[in-house]
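Overview (structure and organization)
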Amino acid sequence: MNTKIFAPLLIATLTCSCISTAYLIPAAAKTPAAATTTANRVYEKANPAVVTIRGNSKWGSGFIVSNDGYVVTNAHVIKGQPAVVTLIMADGKTELPADVVGFGKNGLDLALLKINRRGQKFPTVALSKTTFRVGDNTYAIGTPFDEAFQNTLTTGIVSAIREGGKFIQHNAAINPGNSGGPLLNDRGEIIGVNTGGFGRDTGNVGINYAIGVDLVRQFIIDARQGKSSPVATIATE
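Just so we're clear, the structure is a prediction, and the values are computed from it rather than from any experiment. (Residues numbered from 1 in each chain as written. Predicted model: local features only at pLDDT ≥ 70, side-chain atom pairs only at ≥ 80, totals over all residues. Heavy atoms only, no water.)

The subject of this paragraph is the packing of aromatic side chains. Overall, the coordinates contain zero aromatic pairs when judged by the stated rule. Just above the ring of Y70 sits the side chain of K114; from NZ or CZ to the centre is 5.6 Å. (Phe/Tyr/Trp six-rings, centres within 6.5 Å; stacked < 30°, edge-to-face > 60°. Lys NZ or Arg CZ within 6 Å of the ring centre and 35° of its normal.)

Moving on, we come to helix α4 (residues 213–224). In an α-helix there are 3.6 residues to a turn, and that puts residues three or four apart on one side. With twelve residues, α4 extends 17 Å between its outermost C-alpha atoms, agreeing within 8% with the 16 Å of an ideal straight helix rising 1.5 Å per residue. Among all positions of α4, only V213, V216, F219, I220 and A223 are buried. Buried residues of α4 fall within an arc of 120° about the axis and therefore sit on the same side. Residues of α4 that are buried sit in contact with β3 (70–73), β5 (95–103), β6 (111–115), β11 (190–197) and β12 (208–212). (Helix = DSSP H or I, 4+ residues; strand = E, 2+ residues; numbered from the N terminus. Expected span 1.5 Å × (residues − 1). Buried < 20%, exposed > 50% of the residue type's maximum accessible area, 1.4 Å probe, protein only. Arc of directions from axis to C-beta. Contact = heavy atoms within 4.5 Å.)

This brings us to unusual backbone geometry. In this structure, F145 takes a positive phi of about 70° despite not being glycine. With respect to the helices, strands and loops of the structure, F145 is situated in the loop between β7 (137–142) and β8 (152–162). In this model, E163 sits at a positive phi of 50°, which is unusual for a non-glycine residue. Locating E163 in the fold gives a position in the loop between β8 and β9 (167–170). Look at E163 and you get exposed, because its relative accessible area is 56%.

Quick look at the sheet that holds strand β1 (residues 50–54) now. As summarised here, the arrangement of the six strands in space is β1-β2-β3-β6-β5-β4, forming a closed barrel in which the pairing is antiparallel. For this sheet the average axis-to-axis angle between neighbouring strands, irrespective of direction, equals 40°. Strand contacts of α4: β3, β5 and β6, with the helix running at about 55° to β6, the strand carrying the most contacts. (Pairing = 2+ DSSP bridges. Axes fitted to C-alpha atoms, helices over the stretch in contact; angles between N-to-C directions.)

Another aspect to go through is the pairing of β8. One ladder, built from six bridges, connects β7 with β8; its direction is antiparallel. For I141, the partnering residue across the bridge sits in β8 and is L153. Taken together, the four bridges between β8 and β9 define a ladder with antiparallel strand orientation. Paired with A160 across the bridge in β9 is Q169.

This part covers the side chain of Q150. Secondary-structure assignment places Q150 in the loop between β7 and β8. Judged by relative accessible area, Q150 falls into the buried class, the value being 15%. Residue contacts for Q150: discarding those within four places in its chain leaves T52, I88, M89, A90, G92, G142 and T143.

The next point concerns the environment of V193. For V193, the position within the fold is in strand β11. A C-alpha to C-alpha distance of 5.8 Å links V193 and G181, two positions twelve residues apart in sequence. Excluding anything up to four places from it in sequence, V193 contacts F63, V72, N74, L110, G180, G181, Y209, A210, I211 and V216.

What follows concerns the pattern of salt bridges. For the structure shown, the criterion picks out five salt bridges. In this structure, the salt-bridge partner of E95 is R54, at a minimum N-O distance of 3.4 Å. A residue pair is termed long-range when its members are at least 10 positions apart, and E95 in strand β5 and R54 in strand β1 qualify at 41 residues. When the shortest N-O distance is used, the salt bridge between D214 and R217 registers 3.2 Å. Here R217 and D214 lie together in helix α4, a separation of three residues that amounts to about one turn. Owing to a relative accessible area of 58%, D214 belongs among the exposed residues under this scheme. R217 gets classed as partly exposed once you look at its relative accessible area, which sits at 24%. One continuous salt-bridge network, built from bridges that share partners, spans R54, E95 and E147. (Salt bridge = Lys/Arg side-chain N within 4 Å of Asp/Glu carboxyl O.)

As structure tokens, this is what we get:
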């Protein structure tokens, strides 16, 4: 064989093999981004409007329902507190004073506050206008146990509907400090105000209660029209 001819052919063959082999090596697979869940969307939509309410010796949760700063919470959260309480916004840093506007009548465990910031616009969470059913998903946001746990999300379902919708029984974990915070549906809308649950001394057992949105809506209307009680009417805290 003519080595002068064979050598260039061998080199050309090896070169082509290297090039073609490179095309056979697959590119590194990209890790797909995690899919956005309903809980993600609910939290991102509603959480900016959820606040921590700080009193003299206790705290609770609440949520902003109008961009001019009206805030809903439980009456027992601010019962016995000064006429002006401190709100900690969702960023965990901003603290704003809020006036107590009024309380629910006839033992209704609701209170309305107004943030003292004229002209400032605030994030809000909407009240649901749709019905809820047993088995629907629920989402609770609030500040359980300590201010360090602000912006905590828990999830569950509607376990039962009590007194024609006045109260919602659900199993999204509720603990001390969650009182006054929102109970939300899959659209990030308010279906109730979390009020309490069983097992406060032994740990949450999944039987929790929220005041239904229809009562909440009417209370807000009455309080803004000056038709609420000037003092808390709940029997006990």
